[in-house]
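# Remarks on the overall topology
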Amino acid sequence: MLDPQLLRNDLERVTSALARRGYHLDMESYAALEARRKSIQVRTEELQNLRNVRSKSIGQAKARGEDIEPLLAEVAQIGEDLKQARQELDGIRAELEHMRLDMPNLPAEDLPDGADEDDNREVRRWGEPGQFDFEPRDHVELGSLLGGIDFDAAARLAGSRFAVLGGGVARLHRALAQFMLDLHTREHGYREMYVPYLVLESAMRGTGQLPKFGEDAFAFDGDPERYLIPTAEVPLTNLVADQIVEADRLPLKLVAHTPCFRREAGAYGKDTRGMIRQHQFDKVEMVQITTPADSQACHEALTGHAEAVLRALELPYRVMLLCTGDTGFSAARTYDLEVWLPGQQAYREISSCSTFTDFQARRMQARWRNPDTGKPELVHTINGSGLAVGRTLVAVLENGQQRDGSVRVPEVLRPWMGGLETLQPEST
RNA sequence: GGAGGGGUGGCAGAGUGGUUGAAUGCACCGGUCUUGAAAACCGGCAAGGGUUAGCGCCCUUCGUGGGUUCAAAUCCCACCCCCUCCGCCA
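Note that the structure is predicted; figures quoted are calculated from it, not measured. Residues take numbers from 1 onward in each chain, read along the sequence in its written order. Chains and ligands are labelled sequentially in the order written, the chains with letters from A and the ligands with numbers from 1. Local features in a predicted model are, by the rule used here, given only for residues with pLDDT of at least 70; side-chain atom pairs are given and counted only at 80 or more, and totals for whole chains, interfaces and linings are based on all residues. As a rule here, side-chain values cover all heavy atoms of the structure and leave hydrogens and water aside.

## Things to note about helix H3 (residues 27–63)
Going by this rule: By definition, any uninterrupted DSSP run of H or I lasting at least four residues is a helix, any uninterrupted run of E lasting at least two residues is a strand, and each is numbered from the N terminus. Every helix has an expected span of 1.5 Å times one less than the residues it contains. Working definition: with a 1.4 Å probe on protein chains only, accessible area under 20% of the residue-type maximum means buried, over 50% means exposed, and in between means partly exposed. Here a residue-residue contact requires only that any non-hydrogen atoms of the pair lie within 4.5 Å.
The end-to-end C-alpha separation of H3 is 54 Å, in line with the 54 Å expected for 37 residues at 1.5 Å each. Where H3 is concerned, the buried positions are Tyr30, Leu33, Glu34, Arg37, Ile40, Gln41, Thr44, Leu47, Gln48, Ile58 and Ala61. Next to the buried residues of H3 lie helix H1 (4–9), helix H2 (11–20) and helix H4 (69–102). Trailing H3 by a residue or two, glycine 65 shows a phi angle of about 75°, which is positive.

Structure representation (structure tokens):
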């Protein structure tokens, strides 16, 4: 959520900043609503003050044994006026709140302008796409040769956009998650966390998935309503919701391996082949909670931590700075890591690393105590995949494939694979 | 699921209808003292919001939401969460 003060004092700047990312803020109606809010709030508070003062004097008059009847009548009238004023104020507030919840974060200054992914800017790349002296297969074919990915079985169990993994492929999937978790905890200083996969509406609202993107999430009716997490970002980041974190604990660096669940409502016909886009996938997620002064450096560092996974796995990738139009709702700046997939002859997103400035923190009321001021101030939040396990599995299969359909296991994974060097096609 | 207890400021913990936004302690920040530090003593110290050029003034907040009342941390109702014991269970 954007700073209401900023919206009051610098509405034009906010409006033009939001326009950069294709969001139209109706300045006139916001300003008009804000003006009404101001006058009615002042009136409401005046009435409240009046009532408080009178009530107090009733107590005093009563103590002196005076007649309080006239006072009572007066206060009753004030109460009526107050009730009306407050009702009006609540309505306006709700409207303003509604408008603010709809507004995306302000894009960072240095983002390239643009409408969609075509305008993203490549920042750097690492590794060379491997050359094959045969036609490289995609992971669907490889998975079937290896006898390790079964989409038909998954469809019978759960419908479309699920996968069943088996044997060496299932183990490889587990090895990847274990490796990532160990890398981030041992080398990058993250604290491993285990978190709920079902969360309340308030948590989803805190990180920005709700109220705007409800159709993307799986929800459970019930009392209370709960949501399957679309990413561990939600439980991890909301760990500091309504908290005041002491300065010496920052930055908080958290990592968790969880399943993620997404409706993929707007993705009919997109990536229907294979396990690129599933309703359920595993992800290792990194989150940092920092001070405003450190957040940019932390964002760069976290992106580097995600890249370290790809390097260790010897997977060629590039880093894209997303343009204003492609940057997510809550983010101020996002780097996407795209891994080379020989089966598609394309770079595909495998990690998304974002800084949210105080946007999520304001929604969550997540603060830290600034030693310089002694006051609680909003933290900055950052997160990134390190990495999406399913897509990493796809990348390892496709990049490590050999002519006979066997797949080389990256060296760093072998400790979790019982030393296995290659996955072999099933002979059946 | 059954029985009981409890949710108050950064933390601990008083407070059962009217100068209580809230005693006290700890933590924190100033000062005195000291060669320095500690201790001791003195003072300050909740958050959110509104308004103001500023000093300030005002409003809201004692788990959440309703209600009673001129007036609620205090009374009533519903809900949520935590703790103890019993039952059940991975």
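## Topic: the UniProt feature "domain: Aminoacyl-transfer RNA synthetases class-II family profile" (unreviewed entry) in chain A
Here is the rule: UniProt positions are given in the numbering used here, feature names are shortened, and annotations may be inferred rather than shown by experiment.
Mapped onto this numbering, the UniProt entry annotates "domain: Aminoacyl-transfer RNA synthetases class-II family profile" (unreviewed entry) at residues 171–410. The distance separating the terminal C-alpha atoms of residues 171–410 is 13 Å; by composition the span is 26% helix and 31% strand.

## What to know about the UniProt feature "coiled-coil region" (unreviewed entry) in chain A
Here the UniProt feature "coiled-coil region" (unreviewed entry) sits at residues 75–102. The annotated region residues 75–102 carries 100% helix and 0% strand content, and the separation between its end C-alpha atoms amounts to 40 Å.

## Regarding the pattern of salt bridges
Heads up, the condition is: When a carboxyl oxygen of Asp or Glu is within 4 Å of a side-chain nitrogen of Lys or Arg, the pair counts as a salt bridge.
Applying the stated rule across the entire model yields 25 salt bridges. For the salt bridge of glutamate 141 with arginine 137, the shortest nitrogen-to-oxygen distance reads 3.8 Å. Three or more residues joined by partner-sharing salt bridges are found here, namely Glu122, Arg125, Arg318 and Glu338.

## A word on the protein's contact with RNA strand B
To be explicit about the condition: Near residues are defined by distance, with any heavy atom within 4 Å of the molecule or strand qualifying the residue. A 3.5 Å cut-off defines polar contacts: any pair of N or O atoms within that distance qualifies, except that in protein one atom must be a possible hydrogen donor and the other a possible acceptor, and neighbouring residues in sequence count only when both atoms are side-chain atoms. For this classification, Asp, Glu, Lys and Arg are treated as charged, while Ala, Val, Leu, Ile, Met, Phe, Trp, Tyr, Cys and Pro are nonpolar and the rest, including Gly, are polar.
If you check the shell around RNA strand B, you find 20 residues, and the closest are Arg8, Arg37, Asn49, Ser55 and Val75. When atoms of RNA strand B within 4 Å of the protein are sorted by moiety, sugar and phosphate together comprise 81%. Take glutamate 45: an N or O atom from its side chain is 3.4 Å from a base nitrogen of RNA strand B. Within the side chain of glutamine 48, an N or O atom sits 3.0 Å from a sugar or linking oxygen of RNA strand B. When contributions to the surface near RNA strand B are tallied by element, the ones reaching two or more residues are H1, H3, H4 and strand S14 (367–369). The element that contributes the greatest number of residues to the surface near RNA strand B is H3, accounting for 11 residues. A per-class count over the surface near RNA strand B returns 6 nonpolar, 6 polar and 8 charged.

## Overview of the packing of helix H7 (residues 167–186) against helix H10 (residues 295–312)
We count it as follows: Between the N-to-C directions of two axes lies an angle of 0 to 180 degrees, each axis being a line fitted to C-alpha atoms and, for a helix, fitted only over the stretch in contact. Geometric relationships in this document are graded by angle, where less than 35 degrees denotes roughly parallel, more than 145 denotes roughly antiparallel, 65 to 115 denotes roughly perpendicular, and other angles denote oblique. By definition, any crossing whose near helix is turned counterclockwise from its far helix by less than a right angle is left-handed, and any crossing with a clockwise turn is right-handed.
Axis separation between H7 and H10 bottoms out at 11 Å; the angle between their running directions is 130°. When the axes of H7 and H10 are compared, the pair comes out oblique. Every pair of crossing elements has a handedness; the one defined by H7 and H10 is right-handed. Every residue of H10 that contacts H7 at Phe179, Met180, Leu183 and His184 is listed here: His305, Ala308, Val309 and Ala312. Class assignment for the residues of the contact of H7 with H10 results in 6 nonpolar, 2 polar and no charged.

## Focus: unusual backbone geometry
Trans peptide bonds make up the majority, and among non-glycine residues the majority have a negative phi. Residues leucine 250 and proline 251 are joined by a peptide bond in cis, for which omega reads -5°. Relative to the helices and strands, proline 251 resides in the loop between strand S8 (244–246) and strand S9 (252–261). The omega torsion across glycine 386 and leucine 387 is 5°, close enough to zero to call that bond cis. With phi around 55°, glutamate 264 is a residue other than glycine that occupies positive phi space. Its place among the elements puts glutamate 264 in the loop between S9 and strand S10 (280–290). We classify glutamate 264 as buried; its relative accessible area is 17%. Phi is positive for glutamine 345, which is not a glycine, with a value near 50°. Residue position: glutamine 345 is located in the loop between strand S12 (333–341) and strand S13 (346–355).

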